[in-house]
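Survey of secondary and tertiary structure
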Amino acid sequence: MADTHSQPSVTDPGDLGVRLTLLNAALATKVVCVRRYTRHALLAGGACHEAMRAVFGLHARDEQDHALRLAERIQQLGGRPDFNLGGLMSSGDTQDDEGRTLVELLRENLEAERIAIASYRDLIPYFADRDPTTRRLLEELLDEEEAHANALHTLLKP
Ligand SMILES: [Fe+2]
């Protein structure tokens, strides 16, 4: 007798809209991170702080890679990657960085990484068995975000 208690699958359209909405929100956050890290790399370079310029530049490239991987997954699921940042642009991303200290920049990025880590920890259980492929992607991104946070934390140490 067939098991009628099967798990929802990736082909189950029941919650596909929810998954796509969650992934598009994660994508938008990534795009904001690429912009912020790129601006901060330029500022650190201008202040002749090469170690920070290198870290911010590396993180900008990692976040770009994350954005691409999320966008590709949205496509694979039949969705449309949304690059319209909407309300996200009004928070922090548009602020003028001139005059800010390097420590302030580090703290802002560390705070953003911690928010991203908390967000992935919330998302992963939702995808869990519903969509294991996306769950694994989110777990990989979480690992990399934790590495980013550790790198920033190290730079903030006196
Ligand atoms: Fe990050």
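Attention in this report is confined to the structure presented alongside it. (Residues numbered from 1 in each chain as written. Predicted model: local features only at pLDDT ≥ 70, side-chain atom pairs only at ≥ 80, totals over all residues. Heavy atoms only, no water.)

With that settled, the discussion passes to the overall build of the protein. Scanning the protein for helices and strands turns up four helices and zero strands. Overall, the protein shows an N-to-C arrangement of helices and strands of α-α-α-α. For the protein, the proportion of its 158 residues judged to be buried stands at 39%. Sequence separation of 24 or more characterises 80% of the internal contacts of the protein that already satisfy a separation of 6 or more. Looking at the protein as shown, the accessible area adds up to about 8,900 Å², and 55% of this sits on carbon and sulfur atoms. (Helix = DSSP H or I, 4+ residues; strand = E, 2+ residues; numbered from the N terminus. Buried < 20%, exposed > 50% of the residue type's maximum accessible area, 1.4 Å probe, protein only. Contact = heavy atoms within 4.5 Å. Areas by Shrake-Rupley, 256 points an atom, 1.4 Å probe, with all protein chains shown as cover.)

On to the coordination of the iron ion. Each angle at a metal carrying four tetrahedral donors should ideally be 109.5 degrees, and each at a metal carrying six octahedral donors should ideally be 90 or 180 degrees. For the iron ion, the full set of protein donor atoms is Glu63 (OE), Glu113 (OE), Glu113 (OE), Glu145 (OE) and His148 (ND1), and the range of their distances to it is 2.0 to 2.3 Å. Counting along the primary sequence, the residues that act as donors to the iron ion give the motif E-x49-E-x31-E-x2-H. A residue pair is termed long-range when its members are at least 10 positions apart, and Glu63 in helix 2 (residues 50-76) and His148 in helix 4 (residues 132-156) qualify at 85 residues. In this pair, the class of Glu63 matches that of His148, namely buried. (Donors = N, O, S within 2.8 Å, 3.2 Å for Na, K, Ca; no water.)

With that out of the way, let us pick up the side chain of Arg73. Relative to the helices and strands, Arg73 is located in helix 2. Assessed through its relative accessible area of 9%, Arg73 is described here as buried. Here the side chain of Arg73 touches Thr134 through a polar contact of 2.7 Å, side chain to side chain. (Polar contact = N/O pair within 3.5 Å; in protein donor to acceptor, adjacent residues only side chain to side chain.)

Under the definition given, this model contains two aromatic pairs. A ring pair is formed by Tyr37 and Phe56, whose centres lie 6.0 Å apart and whose planes are at 40°; its orientation type is tilted. Of the two residues, Tyr37 is situated in helix 1 (residues 16-46) and Phe56 in helix 2; the sequence distance between them amounts to 19 residues. Like Tyr37, the residue Phe56 is buried in the burial classification. Between Arg36 and the ring centre of Tyr37, over which it is positioned, the NZ or CZ distance is 5.1 Å. Over the face of the ring belonging to Tyr126 we find Arg130, whose NZ or CZ atom lies 3.9 Å from the ring centre. (Phe/Tyr/Trp six-rings, centres within 6.5 Å; stacked < 30°, edge-to-face > 60°. Lys NZ or Arg CZ within 6 Å of the ring centre and 35° of its normal.)

None of this, on its own, says anything about what the molecule does.
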